[in-house]
Amino acid sequence: MKQVNILLFWASISLVLFLSCKGASSELSLAGEWQFALDPKDAGVGQQWQNKELGDVVRLPGSLQEQGKGEDVSLDTRWTGQVVDSSWYSAPEYAAYRQPGNIKVPFWLNPDKHYVGVAWYQKKVNVPAGWEDRPVVLSLERTHWATTLYVDGEKAGEQNSLQTPHRYVLEGLTAGEHTITLRVDNRLYVDVGMNAHSVSDHTQSNWNGIIGDIKLSAKPSLYIGSVQIYPDIKTRQARVKVRFEGSAGQASSTVTLQAETLAGKLVGEPVQSTFNGTSGHVEATVDLGEDAALWSEHTPNVYKMKVSLQSPGGIDEASYNFGLREFKANGTRFEVNGQPVFLRGTLECCIFPLTGYPAMHSDYWAKIYRTCKAYGLNHVRFHSWCPPEAAFHVADSMGVYLQVECGGWAEVGSGKPQDQWLKEESDRILEEYGNHPSFCMMVYGNEPGGADQVRYLSGLVDHWKSKDGRHVYSSAAGWPYVENADYWNTPDPRIQAWGAGLNSIINREAPRTDYDFAAKLRPDMPTVSHEIGQWCVYPNFKEIEKYTGSLKARNFEVFRERLEKKGLLPLAEDYFKCSGKLAVQCYKEEMEAVFRSRLLGGFQILDIQDFSGQGTALVGVLDAFMDSKGLITDSEWREFCNDAVVMARFDSYVFEADSSFKAHTELCNYRPYLKVGKLICTLTLENGDVIGKVEKNFVAEGNYTDICDVEFTLPQVTKNTKAVLALEIDGTDIHNHYDLWVIPTVEKT
C-alpha cells in the first residue's frame, strides 16, 4: 500500500508540473551561432558595444581560438605561462622557427591562434510566451574567465568564477525577442599564477569562450537554489539542506525529498516539509533503509536525491547524485567507510590537445578513468584546477577518489586579491560539486609562494572544515605542512629528490629494493607523496599526426627537424624505445618503494600521461591522448601498481656465480576479500633452467603481510646471464618479476 501511495504522490506532482508548464518549455538552449567581436584594446564598454550588432560569427559552446579567431603566434605573443628556457627567442639553432610563417615554439603544444583579452558574444533570443513575470536563469556551465552580461543593452551583472557555472537571474523579461550580449575576458582576473593549469598555456591553453551547457531556464517565483546532501553511513540516512531562491510571499510551500537509484527505483520513503514562503532554506533527514549500499572504489553505488518544490508560483524539480560514503583520515592512513585505503594516484593537468579546453561530456572522462583503473590507479589529483560536472559523474560511477584544487599556483597570504578570490572559489566548488562521493579531497592548489602562506592556508583549512565535513583537506599540493590539515601532501618520499642530481637513491647507489620511506612520513596524519616519477621519454614523432585539433605538436616538429639536421633521425625510434624502457624501470623502482612504505597514505605520480608543458615534459607511458605509447601494457604495469602488489626486498640486482641470492617477500594488500593465499616464488635463468622454487601458504594480516624469506644458490655461468625472479599469488592476478644478472666469478688477485 505504501508503494501505491508513493506512486500516486509522484503522479500527482508530475500532473501539476505538466499543467503549470503547459504551453511553454521551461528551458531554452542557446547553443549555436553567436555574433562575435574581438576587443583587444578593451574599448567595448566605453563604446557601448552591447548596443551594436557584432560583425563576426562563432559557435558556442566552444572557444574562439579553435574556430580560427585570434592572433597568429609570433615573437610578441603574450603567453600565459613561465618560459624557463628563453633561448628560443635568441639562440641561432632556433632562428628558423622564429620566422613569420614558420613559428614553432618548443615550450608546449602550439595553438593555431592565440588571444588574451576581451571578446564579445551576442545572440538574439525569442523568449516564449508564459515566461513573463518569472525568474529566468541564464546558465553558462564554464567560461574562461570573467563575464559581464547585458540584456537589451542594459548591464545585468558580472561574475568571475573560473571553475563553476556562471548563473544570472533575469527578472521582468517579456515574451518576444531580446538581445543577450556577453563580454568574456580571459586575462588573469586575479593572479592565480601564470602556470596554474586552470589558465595556463602549459596545458589546456588560455582559451576564451563558453563551453558546456548554455541555456535559459524559466523558474517559478520560488525555486531550488542549492541542495547539499550529507550522508551518514552508520544510520544509512542522508541529511539534506535545500536552499531556495525567489519568493512565494507569505504563502506556504512544500518540499518533497525522495532518494532513488540511478535506474529510478525508489529508495526509502519520501520526506515532506512545509514551510512559510519567506524561509530561505529547509533541512530534513531521509532514511535510505538498512539495505542501502555504500560507495567506494570496489562498490561504486550511486543514488540520486529527487527534490520537488511546490509553491503557489508552480513546481520546481531537480535531482542530485550522491553516495553513502565516509572518507576520512585515521592515524597515518585514509579510510573509506571504515576500511583502510591506499591512494594510487596520477595527476590530471588539464591536457586536452584536440580542443585546448576541458571535456564537458562523459565519454572522454570515461576514457580517462577507465585507463587509470586499467593501470591499477584509484585516485586522480586535479593539479591546480577543478574539473566540470561530467568528470565527477563519471568518477562517481567508476569508483575513483578525486583531489580537487581551487585553481591556484600562486603567492598566497600576502593580502593580494587572489587570497579572497581563492576562498570564494573554494566555497563555490564545495557547493557546486560537494555532493559527489568521488569528491574526497581538496587543497587550495599547487606549491604556493608567499611568506605568510602557512597562516593563510591554515585559515582556509579551518574554514573548509567548519563549512563541509564530507571531504578531507590540506593546505596545498607540495607544501607547506600545517598542523590542522587532515593529510600532508609532500615531495619528500621519492627516489629522485628535486635538486638531488647524482646524490639520490637511484643514482648514488647500485640498484636495490631493500629500502622504503618510513623515515620521511609524518606520524600524526596520512602522508601522500607529491608528484613522484617524472621520468622522461624521448618524443615519439609518429604521434604528431594525432594533433588534428586546435593545438598542434609543433614542439615535436622542432625536435624532429633538429635531429634530422644532425643526421640522427633514423635513430629516433631507438631513442624513443630505449628511453622509454629506462623510464618504465624507473617508475617500477619508484612505485614499489612507496608500496613498501607501510605507513604511507598514498602517492600521486607525474604522470601516467605526457605533460605537454614546461618545455615539453614527456613523462608518461601514455601520450597526451591517454593512449598507450607501447612501452608497457596495462597488465604489466599492474604488477607493481594495483590494489595488491607482491614484492621482494633484496640488496642488489647483480650477483656473482656460486653466490647466494637472498630476498624477503611481502604483500601489500588492499583487497578486502583476499584473506589467505599461497606464494609461488621461482628463480629462472634466461634459457629456462629453474634455479629454485619456493611455495609458501600465508594468512593476509592487515594491509601488509611478511610472507617469507627465500634463498637460492646461483649457478656457474661463463658470461653475464639474466635470471628472472618471478612472484605470484596462486590463483589470482597478483604477480611480479625482477630481472637479475648473474656474472662469472671474479678471480681475486
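This write-up is about the structure you can find in this document.

The rules behind each value
- Residues numbered from 1 in each chain as written.
- Predicted model: local features only at pLDDT ≥ 70, side-chain atom pairs only at ≥ 80, totals over all residues.
- Heavy atoms only, no water.
- Helix = DSSP H or I, 4+ residues; strand = E, 2+ residues; numbered from the N terminus.
- Buried < 20%, exposed > 50% of the residue type's maximum accessible area, 1.4 Å probe, protein only.
- Pairing = 2+ DSSP bridges.
- Polar contact = N/O pair within 3.5 Å; in protein donor to acceptor, adjacent residues only side chain to side chain.
- Contact = heavy atoms within 4.5 Å.

## Section: the environment of His-144
Next, step 1: Structurally, His-144 can be placed in strand E7 (residues 136-144).
Next, step 2: Under the relative-accessibility criterion, His-144 is labelled buried at 2%.
Next, step 3: A C-alpha to C-alpha distance of 8.2 Å links His-144 and Val-199, two positions 55 residues apart in sequence.

## Quick word on unusual backbone geometry
Next, step 1: A cis amide bond links Trp-479 with the next residue in sequence, Pro-480, at an omega value of -5°.
Next, step 2: Among the structural elements, Pro-480 can be located in the loop between strand E27 (472-473) and strand E28 (488-490).
Next, step 3: Cis geometry is adopted by the peptide bond preceding Asp-607, which originates at Leu-606 and carries an omega value of 10°.
Next, step 4: Looking at where Asp-607 falls in the secondary structure, it is placed in the loop between strand E31 (602-606) and helix H9 (634-637).
Next, step 5: A positive phi is found at Asp-42, a non-glycine position, where the angle reads about 55°.
Next, step 6: Looking at where Asp-42 falls in the secondary structure, it is placed in the loop between strand E2 (32-39) and strand E3 (56-60).
Next, step 7: What makes Asp-42 partly exposed here is its relative accessible area of 31%.

## Overview of the sheet that holds E27
Next, step 1: Sheet architecture is open: eight strands sit in the order E27-E26-E25-E24-E23-E31-E29-E28, paired in parallel fashion. One side of each edge strand has no neighbouring strand; the edge strands of this open sheet are E27 and E28.
Next, step 2: With three bridges connecting them, E28 and strand E29 (residues 527-533) associate as parallel partners. Across the sheet, residue Thr-490 finds its bridge partner in E29, namely Ser-529.

## Notes on the side chain of Asp-468
Next, step 1: Along the chain, Asp-468 turns up in the loop between helix H5 (453-467) and E27.
Next, step 2: The class of Asp-468 is buried, set by a relative accessible area of 3%.
Next, step 3: Side chain to side chain, Asp-468 and Arg-470 meet in a polar contact 2.7 Å long.
Next, step 4: Reaching out from Asp-468, the side chain makes a polar contact with the side chain of His-471 at a distance of 3.3 Å.
Next, step 5: Ignoring any residue separated from it by four or fewer positions in sequence, one finds Asp-468 in contact with Tyr-230, Leu-430 and Tyr-473.

Everything listed is a geometric property; what it means functionally is a separate question.
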